[in-house]
Amino acid sequence: MKTTQRYLALDVLRGITIATMITVNTPGSWSHIYAPLRHAAWHGCTPTDLVFPFFLFVVGVSMFFSFSKYGNTLNHDSLLRIGKRTLLIFLIGLFLNSFPQWAKDFSHLRIMGVLQRIALVYGFASLIVLSAPKKWLPFIGGSILFLYWGIIYFFGTGDPYSLEGNATIPFDTLILTENHLYKGFGIPFDPEGLLSTLPAIVTAILGYMAGSLIKQSDKTDVPRKLILWGGIGVVAGLIWGQFFPINKPIWTSSYVLYTGGLASAFLGILVWIIDLKNYTKWTSFFVVFGMNPLFIFALSGVWAITLSRIIKFEGSTGKMTNGYSWLYQELFVPLAGPLNGSLLFALTHIVFFWLIGYILYKKRIFIKV
């Protein structure tokens, strides 16, 4: 018997990724963060480096089920939905980058970002999976990953896998110009840039293939298959990583397979726990996040920017400081110290946004972004 029902595990995984994204993006101080909540400095993969690809994987799984109403084919209605959603998510990301607009130097506005990558990945992955036969998707995904490896290797300078020498910098600089790139790495380099979005599309395609596997399998077989294929992805990623290092900032092909494999295996475990064994009492917290994921994520961004750039307070030193630093220094550091206070700051924000999400959930308000 083929399964057609909704899987609660998918909503839970989506909620886990959003909750974790807010946690790692909202520490009290970037100088005081526990190691698992930091990104790898360059090569490598920490638990934090799993969050974004997990979300894109879930986007892909959700695409399979949401496009079922269009027969999982590219037609006028599905194309219109793809175009509208891609544009809306991208514009929300630009809004966050430019907020507050009245105090922004648009000549140095960063064009790309997390939501912008989500938008482009969703848009291009949707066009691929709806226009190509499903049996071609593994070959299309593999071709994209090998093509990206070739671009990075042959068009880089010096060490093609290094921060300074990777090929995404000249490509993104050519298209976006240096003024509109991220500067957080000390040089103009965007970890959510245009070129590195190419392999990220495959992350969503892997999720779409997982959604197809779920739909075509007996419910009891779903966890085993997801874990099996996930394990193959992890091993393939680790092997490829010996030649093309696992790296989130340039979203290497090995990183795609490694994180996609982990995402598949983790989803399989959740399906077994939640949808087969029916251990669901703990899931409601994450379901709240999973019902309005992009809205809650965008709202958390607006709130953090408002605290850090608009709201001002006088600190204990008598000097004016932004609201973000004031909350951390005056409330959380005295309560738990610099390191634990920074973590408590992030967890408090998780609770705060969960309460907002809970109100929306209870009122059956689901904001489709």
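Everything below is about the structure printed above this text.
Not measured: the values here are computed from a predicted model. (Residues numbered from 1 in each chain as written. Predicted model: local features only at pLDDT ≥ 70, side-chain atom pairs only at ≥ 80, totals over all residues. Heavy atoms only, no water.)

Observations regarding the overall build of the protein chain
Here is step 1: Broken down by element type, the protein chain carries twelve helices and two strands.
Here is step 2: Seen in sequence order, the protein chain has helices and strands lined up from the N terminus as α-α-α-α-α-α-α-α-α-α-α-β-β-α.
Here is step 3: In summary, the protein chain has a C-alpha radius of gyration of 21 Å against a globular reference of 21 Å for 369 residues, a match within 12%.
Here is step 4: For the protein chain, the spread of C-alpha atoms along the principal axes amounts to about 70 × 55 × 40 Å.
Here is step 5: The buried share among the 369 residues of the protein chain stands at 51%.
Here is step 6: Sequence separation of 24 or more characterises 69% of the internal contacts of the protein chain that already satisfy a separation of 6 or more. (Helix = DSSP H or I, 4+ residues; strand = E, 2+ residues; numbered from the N terminus. Rg over C-alpha atoms; globule rule 2.2 N^0.38 Å. Buried < 20%, exposed > 50% of the residue type's maximum accessible area, 1.4 Å probe, protein only. Contact = heavy atoms within 4.5 Å.)

Quick notes on the environment of Leu79
Here is step 1: Checked against the element boundaries, Leu79 lands in helix 3 (residues 76–98).
Here is step 2: The partly exposed category is assigned to Leu79, whose relative accessible area is 43%.
Here is step 3: Expressed as a C-alpha distance, the spacing of Leu79 and Val234, which sit 155 residues apart in the sequence, is 33 Å.
Here is step 4: Look past the residues within four positions of Leu79 in its chain and what remains in contact with it is Leu74 and Leu127.

Topic: helix 7 (residues 197–216)
Here is step 1: With 20 residues, helix 7 extends 29 Å between its outermost C-alpha atoms, agreeing within 8% with the 28 Å of an ideal straight helix rising 1.5 Å per residue.
Here is step 2: Burial within helix 7 is extensive, with 15 of its 20 residues counted as buried. (Expected span 1.5 Å × (residues − 1).)

Thoughts on the nonpolar core
Here is step 1: Formed by 69 residues in total, the largest nonpolar core has its most connected members in Ile18, Met63, Leu115, Ile118 and Phe289.
Here is step 2: Here the element with the most residues in this core is helix 4 (residues 114–131); it accounts for ten residues.
Here is step 3: Judged by nonpolar contacts, the second largest core, of 23 residues, contains Phe57, Val61, Ala263 and Leu267. (Core = buried A, V, L, I, M, F, W, Y, C linked by side-chain atoms within 4.5 Å.)

Re helix 10 (residues 284–291)
Here is step 1: All of the buried residues along helix 10 are Val287, Val288, Phe289, Gly290 and Met291.
Here is step 2: Turning to helix 10, the residues buried within the fold contact helix 1 (8–25), helix 11 (293–309) and helix 12 (323–362).

Quick word on the packing of helix 1 against helix 9 (residues 253–276)
The relative placement of two packed helices comes down to the angle between their axes together with the axis-to-axis distance.
Here is step 1: As a packed pair, helix 1 and helix 9 sit with axes 8 Å apart at the nearest point and diverge in direction by 125 degrees. In terms of orientation, helix 1 and helix 9 fall into the oblique class. Relative to helix 9, helix 1 is oriented so that their crossing is right-handed. Taking contact as the criterion, the partners of Leu8, Ala9, Leu10, Val12, Leu13 and Ile16 in helix 1 are, on helix 9, Phe266, Leu267, Leu270, Val271, Ile274 and Asp275.
Here is step 2: Residues belonging to the contact of helix 1 with helix 9 are distributed by class as follows: eleven nonpolar, no polar and one charged. (Axes fitted to C-alpha atoms, helices over the stretch in contact; angles between N-to-C directions. Parallel < 35°, antiparallel > 145°, perpendicular 65-115°, else oblique. Left-handed = near helix turned anticlockwise from the far one by under 90°. Nonpolar A, V, L, I, M, F, W, Y, C, P; charged D, E, K, R; others polar.)

Re the packing of helix 11 against helix 12
Here is step 1: It is the contact of helix 11 with helix 12, at a shortest axis distance of 10 Å, that shows an interaxial angle of 145 degrees. In the packing of helix 11 onto helix 12, the handedness of the crossing is right-handed. Two secondary-structure elements touch here, helix 11 through Phe295, Ile296, Leu299, Ser300, Trp303, Ala304, Leu307 and Ser308 and helix 12 through Gly323, Tyr324, Leu327, His349, Phe353, Ile356, Gly357 and Leu360.

What to know about the side chain of Ser98
Here is step 1: For Ser98, the location among the structural elements is in helix 3.
Here is step 2: Of note is the side chain of Ser98, whose polar atom sits 2.9 Å from the backbone oxygen of Leu94.
Here is step 3: Among the polar contacts listed, one links the side chain of Ser98 to the backbone oxygen of Phe95, at a separation of 3.2 Å.
Here is step 4: When near neighbours in sequence (up to four residues on either side) are disregarded, Ser98 contacts Lys104, Phe106 and Leu109. (Polar contact = N/O pair within 3.5 Å; in protein donor to acceptor, adjacent residues only side chain to side chain.)

Some points on the environment of Leu127
Here is step 1: Assignment of secondary structure puts Leu127 in helix 4.
Here is step 2: Sequence separation between Leu127 and Lys281 is 154 residues; the distance between their C-alpha atoms is 38 Å.
Here is step 3: What Leu127 contacts, discounting residues up to four positions off in sequence, is Leu74, Leu79 and Ile82.

With respect to the pattern of salt bridges
Here is step 1: Taken as a whole, this structure holds five salt bridges when the rule is applied.
Here is step 2: Among the ionic pairs, Arg14 bridges to Asp11, the shortest N-O distance being 2.8 Å. Taken as a pair, Arg14 and Asp11 lie in helix 1 at a separation of three residues, close to a single helical turn.
Here is step 3: The structure contains a network of salt bridges with shared partners spanning Arg110, Asp190, Glu192 and Lys248. (Salt bridge = Lys/Arg side-chain N within 4 Å of Asp/Glu carboxyl O.)

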